[in-house]
Amino acid sequence: MAENNITKIPILGKESIIVGNNITDYIAKDVVSTVKASTYCIITDENVAMYHLENLENLLTKEASALGRRVLSYTIPAGELQKCRDTKAEIEDYLLSNKCTRDTCILALGGGVIGDLSGFVAATFMRGCSVIQIPTTLLAMVDSSIGGKTAIDVPGGKNIIGAFHQPTRIFIDPQYLTTLPLRQFLNGMGEVIKTAAFWSPEDFALLENNVEKILAFARNESQEAANIVQKIIQGAANTKAYVVTHDEKEGGLRGVLNFGHTIGHAIEAILAPVMYHGECISMGMVYEAEIARSMGILKDAAVGRLSRCIQAYGLPISINDPLVDRNTHGKQKEITVDRLMEIMKLDKKNRGTQKRIVIISDIGKLYEEKPTNVDDEVIINVLSPALKVNPVPESQKEEISMKVPGSKSISNRALILASLGQGKCKLQGLLLSDDTQVMLDALQYLGIKYFWEDNGDSLVIEGSNGQLQVPTSEIYLGNAGTASRFLTSVCTLISQAGSNTVLTGNARMKERPIGPLVEALNFNGCDIQFLGKNKSLPISIAHKGSKLQGGTIKLSASVSSQYVSSILMSAPYAQNPVTLELVGDNVVSQPYIDMTITMMKQFGIEVTRETNTNIYHIPAASYTNPETYIIEADATSATYPLAYAAITGSKITVENIGSDSLQGDSEFATKVLQPMGCIVSQTTHTTTVQGPARGQLKAIKIDMETMTDAFLTATVLAAVANGTTEITGISNQRVKECNRIEAMVTELAKFGVKASELEDGIKITGTPITSLKAPVNGVKCYDDHRIAMSFSILSLVVPEQVLIREKRCVEKTWPSWWDTLQNVLKVKLNGYDTSVEELKHLDKEVKVEQKQFIDSSIIIIGMRGVGKTSMGQFAAKFVGKKFVDMDWYFEQELKTTIKEYIPSKGWEQFRIEETRLLKKIIEENPNGLVISCGGGIVETEGGRSVLKQYASQGGIVLHLTRNIKDIVAYLSKDETRPSFAEDITAVWERRKKWFEECSSHEFYIYKDKKITEGRKWWIDVEIDFKRYLEFICANPSKYENKFPGNVYIPPASSYFLSLTYPDLNEAIPILDKASEGSDALELRVDLLANQDDDYVKEQVAILRRYSKLPIIFTVRTDGQGGRFPPTEVDRMFELLENGIKWGCEYVDVEVDVIGKNKEHRIELTKNLVKRKGNCKIIASYHDCSGTALWDPHTVASINTDTTKKGTDNSQKRLLRMRDKYMELLPYGDIIKLIGFAHKLQDNFALYTFVKEIIPSLGLQYKPVIAMNMGQIGQISRALNEFFTPVTHPILPFKAAPGQLSIQEINKIRSCIGLIPPKKYYLFGSPIAYSQSPTIHNTGFEVLGLPHKYELSESEEWTHVKKVVEDGIKDGSFGGASVTIPHKQNVIEHGIVQKVTDAAKAIGAVNTLMVEKDEEGNPIVAGDNTDYLGIKRCIEDRINKLLKPKDKFIGVVVGAGGTARAACYALNQIGVEKLLIWNRTQSKAEELAKIFGAEVVPNLGDCLKTETESNVCYAIVGTVPAAAQTNMNFTEFFDSNKKGVIVEMAYKPRRTPLLNAAVAAKDSQWETTEGVDVLIEQGLEQFIRWTGRIPPKSAISEQVYNRYSE
Ligand SMILES: NC(=O)c1ccc[n+]([C@@H]2O[C@H](COP(=O)([O-])OP(=O)(O)OC[C@H]3O[C@@H](n4cnc5c(N)ncnc54)[C@H](O)[C@@H]3O)[C@@H](O)[C@H]2O)c1
Ligand SMILES: [Zn+2]
């Protein structure tokens, strides 16, 4: 190894940092010669080992073995999680077991994790042994390996336990970085930029000017920058070494290393681990630089350079950076200023409560050689996304002279001219803003070179003389209008053939017009295509081997003068001299055109304008770059301080703009302010304005065409002027950042100022200052800097504080505007965190279920005759939308009938019109409709694309299907419709795939084989359809946290039943019984007799018809314990997508992101997840190899044999469930991991994994299904809590060996103490005959629960209180039923500490349950399930009777306690009207008042209040059977009516009310006996007590048996 490749950096007086490229052999030699150890032990992680261990180990072994010393290596898993006590102990055990002694030398080969951990091991092993750092990440090279800090993390925090232990050597070899993942590299760049930013202006310039090369090195694409990278690493390492040397243990200087860290750490505390350290401090640096700026220490240009450099390396600059959003999925929205301040309170650098921040005074320069004290207020102001402007007191009159940032227009033009020109050009006073930055970046893409001089104050451009290169990627221009217009022409000067350049921008930019410019250029022979919808960006400019032709170019210039300037500036480089002819009568912004021409002249090219025409001649020539070009101030920016003078009565001088200005807006002072009553004086280069006394401004009428951008400033002054101001000539302001005229009118209104839009201007009625109001929710800025700045001026005289939202939008032209306002113009500002209200707003949206269903329109497609109209109408009624049949719509829109239209215009024209109308109707009605389309809509490409587009944007395109034979049969019966010309089956065959590809959903109309045509069959279809619609259309928030038991974390275990039938028709008879206690049914598609779509969708339909349980759709592959061929990935995903389309509530996806074809699979998986809607994805992994490890700390086999050379690292990689978990996490709502138990301990490892390892990862919580297969794994099924797959004794066979039933699982759980036995009681008297013990004890027994339910009869409430309190004390009380006489007692005597809303409304409690209060102590809550029993019974039966057009009326007979529950239930169901009859009318009236009901005086009139025929009733009888004998129900039921009757009396089973209903002539009544309600309410109690679904069929069976006893 040549020594000249080596650089040594001194630290703490020794040259122990060694830097060099490719120096592994040097390392080996140097280590062995410097450290005389008996053993060298390399500690590394799996990722690093894979690439770098072998080489180092071999070389080291060679050197060491020659001297009889030994080499060991120990590999641990990668990641921050390993920096823990366990792993430290593991390494120590390893060293001890290998008999390592005090003279051992540890080599830390890896990133900061390995460095910190191994360093700490070395610090304490045998009271300290030597350590050598070989950092392999950039972060480790420049930071963690240097300084001697070592540490591990503990649950209480990061780096809490550790020691200072200086390494003997630190070897820095950039070659290690070539294998480092890009994001890790950039993470290190954060620290590199940091160091340069506070210490080294030279290194910073190096970073700024070599972005592309350094990134190419980072991506391992090129070694070109290897030297530069080594140089910057050396620079950063050097700095750290210097700082450490001068302050080893953190006195003061060492604190400066924490630039960006005070705020960065606070952000990291919230966003780690998804955001990396380097990324968080990147944001921190920008915020801290802004703090320096607001303290008046740092210049705007420096802040700009810093943030642009950070951004250039793909690092985020604020928490609103898209990078952050992408990585955190919106978690950054939780970052509030308060939270950050709270976290910063704990910063180690603080002195007491005083926060300390490293302040820089320039790039590469510290303000103090230690962190600086900064007041909270300053930090809050900078961090806040919005601010409040305080009024300037009338007495405060300032006299100020100041400079204003450079002109954006001149800056952008100068950049273009200098880039195209010949020779170097130094630009002074360049505006550094987003806009100019966008331009600079774009120019760099086009091959232009530039560098900074004068400490960032000047930019030197190396002119290209018109020679541009094709950019390597598309050019993103954000919302920078000028750049997009200017560059469009510039790009036509690229002369390489066969390539093209794409210019694109953000959403707003994509709406801003560029059409006339593109058309003019295309007319001149260019080939520019619009890639998007509008005549806007993105555009693609084809390069055909020659530059712009030249000659005559005609251009319409009535929208933007930028088009003109664009062509003018590029024109000299066209092949021929250009004559630019502006057409149209109205050329906007002539001053900007003049500015361009003047500047072109300054760069040596003279444009001539034909007098009195709009024709310009541009010679073919080159620009000659002036050596230095000084850019004048932005005249529009200057209007704000001048307006400040006008509105506050102060005197302001702007030093860098005067009468000589190129800019139209420079006349603002003389043409606007002077007439308004100000005293104005101007020199060629300065402007001074003295405002009149406050409130004395005068209204004016003015054409501002020559200074359109300044109209906003004039408008806010006019708002407080005396009289009405009219500003005209500004129509171009409608197409700026926003429609500015409209925006000004809207925002002024919020101040109480009247304004209105004129055709080309605005009219403002001046308002006295005293009547100005502060806008309630602040000023909205529309992301428009000018709106923000002008309203900040108006705010100065508003009596109260004014909130300006989105304060950062000023960055576009004047990033330090707020600092200027505060520091120079002496206005007090207060930061304000709008994100807090936005958070609250979010909360509200989630909590209040405003809309039950998503509001977007639903399109129904399918074959004719399938039932689109009737199902469509049904759906519309159900989801609360309006139904439209496309045929009707067609006839109505075209004022014809289809019958007439087709013979005259033909089918083809019909299809065209039909498609156009479909597009129209969904564009006009994106919400609120159910649209049924003709079956032929999919016949044309056009029709299909409308549907596909709608579906791809998240709209519902619902395909209705049904067995085609049924359709044929149905259509052949129907003679009213014109028949198909072709055979229906053939039409279906043709359209089938189109229907499939166009639809997002499919509902299959299932017809039970046993049932023939008729109404009954259709009722079942409607019930299925309701469930389907309810699921797919529900507002997603409704299903967000819906998991079994409707809770995120189940209170007890939840289960699903695996159905292993080849044909589910066989399962129908036993489905209810087999699924008792289960929360879902799993359809194992791979086990079905047939996997064709038609077959599978029928199986789904069967499950939906015969069970209410959600469906889990699973296609298990061969490799994971199923039968589906694992090679047929595409077909598998097709099936899974269908599972979603068919409305299955869960879809199981085997996620494999590392196996074969991983890209394709990831793509498929992502698409599936994107389309899931309300469906939950179970991301699953089944380890059939039986090798996956639950314990993440298990370590790979270790190579202890020093004689054996080389190790196969791929074999060392172990399969860890933790890694699988992290792989599955992004895709699943539920994560399923199935391993294998070889020994009983494997089950406990699994349990530890779920209970401890997963929570310790600190990742988003998702429910986990984790189990071990195999006989010995059985117990893991009892340990698993969420969605355990179960079998049932009556099923023919188990889905997997070792599978258990729910009863078996609960028995095991009880035995091992996971389910503490509870006692439940019935309180009341008399209760001897109660059915409740039967209900609950049957339920407990069937589910294998260890609980007991018993009678506790007493009339004394004190008895109830005692039983409850004793039971709570010893933990045995589980809950109770409450009946007469205690239903109110429990509330009145404080036996319950909490009452549910329902129980409150009903005024009675029938259920006691135990809940936890905020401190986790048990409390007794009272609920009322009586009403739920009633509600269930009605809902179960009403479906069959209630038709879409029916009026739904509730009737309650009686007015006692039960009647209250009945009223509440009927209101909950949503009856349109509620009627009450009671013998004592006054009691009925009391009730009616509470529940909004009407009283019917005569029992016989209850069903006669409605005159319409289509009425459906829900009647609840609450009168005891004995009292019913003398009631006349014959009259009550005397006419032809329909509905449901729920009888609450249950002795005897058939009461007079029920008998009368059955006997009534011609009527259709569904009746429910009291015992049914009793059972239903009992089941509800059971759910509340156990968190489980009760086995209803077994319970009902027992209750009915007892009844007949
Ligand atoms: N001691 C200090 O003064 C100090 C200073 C800063 C940070 N730190 C600590 O450093 C740690 C972060 O260090 P890090 O960012 O280097 O993380 P790291 O060690 O976890 O490495 C990042 C990832 O890159 C992989 N990797 C490392 N080198 C590689 C290579 N050459 N090729 C391919 N992959 C490679 C690793 O396996 C890991 O997955 C944190 O624990 C932090 O607390 C310590
Ligand atoms: Zn750091």
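This one's a predicted model, so the numbers in the text were calculated from it and none came from an experiment.

Definitions and cut-offs
Residues numbered from 1 in each chain as written. Chains lettered and ligands numbered in written order. Predicted model: local features only at pLDDT ≥ 70, side-chain atom pairs only at ≥ 80, totals over all residues. Heavy atoms only, no water. Near = heavy atom within 4 Å. Polar contact = N/O pair within 3.5 Å; in protein donor to acceptor, adjacent residues only side chain to side chain. Areas by Shrake-Rupley, 256 points an atom, 1.4 Å probe, with all protein chains shown as cover. Helix = DSSP H or I, 4+ residues; strand = E, 2+ residues; numbered from the N terminus. Expected span 1.5 Å × (residues − 1). Bend = angle between axes of the 7 residues up to and from the residue. Buried < 20%, exposed > 50% of the residue type's maximum accessible area, 1.4 Å probe, protein only. Contact = heavy atoms within 4.5 Å. Core = buried A, V, L, I, M, F, W, Y, C linked by side-chain atoms within 4.5 Å. Pairing = 2+ DSSP bridges. Axes fitted to C-alpha atoms, helices over the stretch in contact; angles between N-to-C directions. Donors = N, O, S within 2.8 Å, 3.2 Å for Na, K, Ca; no water. Lys, Arg positive; Asp, Glu negative; His and termini not counted. Salt bridge = Lys/Arg side-chain N within 4 Å of Asp/Glu carboxyl O. UniProt positions renumbered as here; feature names shortened; annotations may be inferred.

### A closer look at the site of ligand 1
Then, number 1: Asp45, Glu80, Thr136, Thr137 and Thr179 are the nearest of the 27 residues found near ligand 1.
Then, number 2: In this structure, Gly112 approaches ligand 1 through a main-chain N or O atom, which is 2.8 Å from an oxygen atom.
Then, number 3: Contact between ligand 1 and Val113: an oxygen atom at 3.1 Å from a main-chain N or O atom of the residue.
Then, number 4: With the chains in place, 88% of the 860 Å² that ligand 1 exposes on its own is no longer accessible.
Then, number 5: Secondary structure elements with two or more residues in the shell around ligand 1: helix H2 (46-66), helix H4 (112-124), helix H5 (138-144), strand E8 (157-164) and helix H6 (182-199).

### As for helix H43 (residues 1241-1256)
Then, number 1: With 16 residues, H43 should reach 22 Å at 1.5 Å per residue; the first-to-last C-alpha distance of 21 Å fits that figure.
Then, number 2: In H43, a bend of some 40° at Phe1249 exceeds every other bend along the element.
Then, number 3: Listed in full, the buried residues belonging to H43 are Asp1242, Asn1243, Leu1246, Phe1249, Ile1253 and Ile1254.
Then, number 4: Those residues of H43 that are buried are in contact with helix H42 (1217-1224), strand E47 (1230-1236), strand E48 (1264-1269) and helix H44 (1274-1279).
Then, number 5: Two residues or fewer after H43 comes Gly1258, characterised by a positive phi angle close to 70°.

### Some points on the nonpolar core
Side chains that are nonpolar tend, in soluble globular proteins, to be buried together.
Then, number 1: Ranked by size, the top nonpolar core spans 136 residues in total, and within it Leu918, Phe1025 and Phe1113 carry the most contacts.
Then, number 2: When residues in this core are grouped by element, the largest group, nine residues, is from helix H35 (residues 1015-1033).
Then, number 3: In this structure Phe1113 touches Leu1083, Val1085, Val1096, Val1100, Leu1135, Leu1136, Gly1139, Trp1142, Cys1144, Tyr1146, Val1147 and Asp1148, once residues within four positions along its chain are discounted.
Then, number 4: Among the nonpolar cores identified, the runner-up in size contains 109 residues, and Phe217, Val324, Ile363 and Val382 belong to it.

### Describing the sheet that holds strand E2 (residues 14-19)
Then, number 1: The seven strands are arranged E1-E2-E9-E6-E5-E3-E4 in an open sheet whose pairing can be described as mixed. At either margin of the open sheet sits one strand with a lone partner, and together these are strand E1 (7-11) and strand E4 (70-76). Averaged over all adjacent pairs, the angle separating strand axes in this sheet is 20°, with direction ignored.
Then, number 2: With four bridges joining them, E1 and E2 adopt antiparallel strand pairing. Of the residues in E2, the one forming a bridge with Thr7 is Val19.
Then, number 3: This element, helix H9 (residues 226-246), spans E1, E2 and strand E9 (169-172) of the sheet and lies at about 20° to E1.

### Here's the deal with the coordination of the zinc ion (ligand 2)
Then, number 1: Within the first shell, the zinc ion (ligand 2) binds the protein through Glu191 (OE), His261 (NE2) and His277 (NE2), at distances of 1.9 to 2.1 Å.
Then, number 2: For His261, a relative accessible area of 3% corresponds to the buried category.

### Quick word on the side chain of Lys1232
Then, number 1: Inspection of the secondary structure assignment puts Lys1232 in strand E47.
Then, number 2: For the buried Lys1232, no salt bridge is present, and the opposite-charge side chain at shortest range is Asp1148, 4.1 Å distant.
Then, number 3: A distance of 3.5 Å separates polar atoms of two side chains, one belonging to Lys1232 and the other to His1182.

### Considerations on the sheet that holds strand E36 (residues 829-832)
Then, number 1: Read from one edge of the open sheet, three strands run E35-E14-E36, paired in antiparallel fashion. Each having just a single partner strand, strand E35 (802-804) and E36 make up the two edges of the open sheet. Each strand of the sheet is rotated relative to its neighbour by a mean of 30°, with strand direction disregarded.
Then, number 2: Pairing of strand E14 (residues 386-389) with E36 involves four bridges; the strand directions are antiparallel. Bridging from a neighbouring strand, Ala386 pairs with Tyr832 of E36.
Then, number 3: The sheet strands contacting helix H26 (residues 785-795) are E14 and E35, and the helix crosses E35 at an angle near 170°.

### A closer look at the UniProt feature "active site" (unreviewed entry) in the protein
Then, number 1: Cross-referencing UniProt, the feature "active site" (unreviewed entry) maps to Glu250, His265, Cys809, His1182 and Lys1232 in the present numbering.
Then, number 2: Position of Cys809 among the secondary structure elements: in the loop between E35 and helix H27 (817-824).
Then, number 3: Apart from the residues lying within four places of it in its own chain, the contact partners of Cys809 are Cys781, Asp783, Asp784, His785 and Ala788.
Then, number 4: Contacts of Lys1232, omitting those with residues within four sequence positions, involve Phe1056, Arg1116, Asp1148, Ile1178, Ala1179, Ser1180, Tyr1181, His1182, Leu1224 and Ile1265.

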